[in-house]
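Observations on chain architecture
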Amino acid sequence: MDDITASVVELYQQYPYPTYGNHSDYFETFLQPLLEEAGPLSSLLEAGCGTGCVTVDIATAMPKTKIVAFDLSEPSLAYARGLIQQRDIPNAHVEQRNFLDANDDLRDFDFVYCHGVLQTLSDTALGAQRLFEFVRPGGHAYVWTYATLGRRELQDLREALRILQIGPDHPDRLELVRTLAPPHFARKVYRENMSAEESLIHLHDVVYHPYDLDFRVDQLYDLFEGAGFDVVRLVEANGELWPSVEEMPWSSEVKELAAGLPQRQRDALIELTLKPAGFGVLLHRPS
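Turning to the environment of Pro182, a few remarks are in order. Structurally, Pro182 can be placed in the loop between α7 (173–180) and α8 (183–189). Accessibility expressed as a relative area gives 14% for Pro182, which makes it buried. Separated by 28 residues in the primary sequence, Pro182 and Leu154 have C-alpha atoms spaced 7.8 Å apart. Other than its neighbours up to four places away in sequence, Pro182 contacts Glu153 and Leu157.

Here the focus is empty space enclosed by the protein. Which parts of space are left empty comes out when a probe the size of a water molecule is rolled across the atoms. One pass over the structure, following the stated rule, counts one cavity of 30 Å³ or more. When its volume is computed, the largest cavity comes out at roughly 30 Å³. Breaking the lining of the largest cavity down by element, the ones donating at least two residues are α10 (217–227) and β6 (230–237). Looking at the lining of the largest cavity residue by residue, the classes come out as seven nonpolar, no polar and no charged.

So, on to the sheet that holds strand β8 (residues 278–284). The eight strands are arranged β3-β2-β1-β4-β5-β8-β6-β7 in an open sheet whose pairing can be described as mixed. Both edges of this open sheet fall to β3 (92–96) and β7 (240–241), since each of them pairs with a single strand only. Note that strand β1 (residues 43–47) and strand β4 (residues 109–115) share three bridges and pair parallel. When the sheet's bridge partners are listed, Leu44 is paired in β4 with Phe111. Across the sheet, helix α2 (residues 26–38) is in contact with β1, β4, β5 (135–146), β6, β7 and β8; its angle to β4 comes to roughly 160 degrees.

Here we come to α2. Over its 13 residues, α2 extends 17 Å from the first C-alpha to the last, a length consistent with the 18 Å expected when each residue adds 1.5 Å. Burial in α2 covers these residues: Tyr26, Phe27, Phe30, Leu31, Leu34 and Leu35.

The rules we used
Residues numbered from 1 in each chain as written. Predicted model: local features only at pLDDT ≥ 70, side-chain atom pairs only at ≥ 80, totals over all residues. Heavy atoms only, no water. Helix = DSSP H or I, 4+ residues; strand = E, 2+ residues; numbered from the N terminus. Buried < 20%, exposed > 50% of the residue type's maximum accessible area, 1.4 Å probe, protein only. Contact = heavy atoms within 4.5 Å. 1 Å grid on protein atoms, 1.4 Å probe; cavity = no way out; pocket = protein on both sides within 12 Å on 5 of 7 lines; lining within 4 Å. Points joined across faces, edges and corners; volume = space filled by probe spheres on them. Nonpolar A, V, L, I, M, F, W, Y, C, P; charged D, E, K, R; others polar. Pairing = 2+ DSSP bridges. Axes fitted to C-alpha atoms, helices over the stretch in contact; angles between N-to-C directions. Expected span 1.5 Å × (residues − 1).

Fair warning: the whole summary comes from geometry, so function is off the table for now.
Listed below in C-alpha cells is the structure:
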C-alpha cells in the first residue's frame, strides 16, 4: 500500500463515511434510472462502497442482481455489513479490497458503480484501467468525481485554515470552520439532522481530506478514453441533471454554435458556465 492510499485509509478508519444515508436520495434521482436504462443486470460491482449506504439501496431495488461491493476501510465495511444484516439483504456482500490491485477475480460485471473514489487514488490512470477491467465487454460504469471549477471556495477555505493553523486535530475545528466555510460547503458539513459526531465525519471528508484531486471535462475524457471506455454522457453536476445545450441560459446564437460542436467540446463549454463541484459520468466498455 503506497503512502497516499495509507493516508486515505487512515482517514476512513477513524471517520467511516457516510453515515447519513444515500447522499440525499442520489440513488433514486440519478443512479436508479441509469441502472434501469442499462438493464436487465445480472451483476453489479460497487467499487469503493464506503459504509454501504448506497449498496443496500441498490440491492433492495434490484433483488435479482448479484451485488458485490468492496472498500479498503474495515470500519466502513463493518458498518456496511451491519446494514446488510439489518435489512436482511441476501443478494449483496462486501469485501476488503484495494482498488489499485489486480483483483483478477473481479471481472465481467454488467455495471460498475464508483462514487467519490477516483479522486482519492494515488494513480488515477491505473484506477481508470482497473475500472475498465471490472466491466464486461458491452457493460457500463458510472463514476462520480470532483470537478475543478466549483471547488475554488473549498481550496480558499483550506488555505485560510493553513494560515490560521486550524488543523484536523484542533479541538475547536468544527466551530472554527463553521465561521469560515462558504455556504455551499457549510451545507455539506452542518446539517440540521446531523449529530456533532456526524458533522465531524463530514468535516474531515470534505475539508480535511488528506488527498483528493479534481478534474476538468477534458481531463476526464482523456482519462476514460485512454483506459478504453466510450464516454456515453455526463449525467449530473451539483445535484442536477447535466443540461443539454438547449437548456443552457445562452442566446440562440450561442446555442446554435454550441450545437454544432463535438460532444466533448459541448460538455467543456457547459462546464465553463456551470462551474460544477463534481461530475457524474456514464461510461461504456465497447464489445
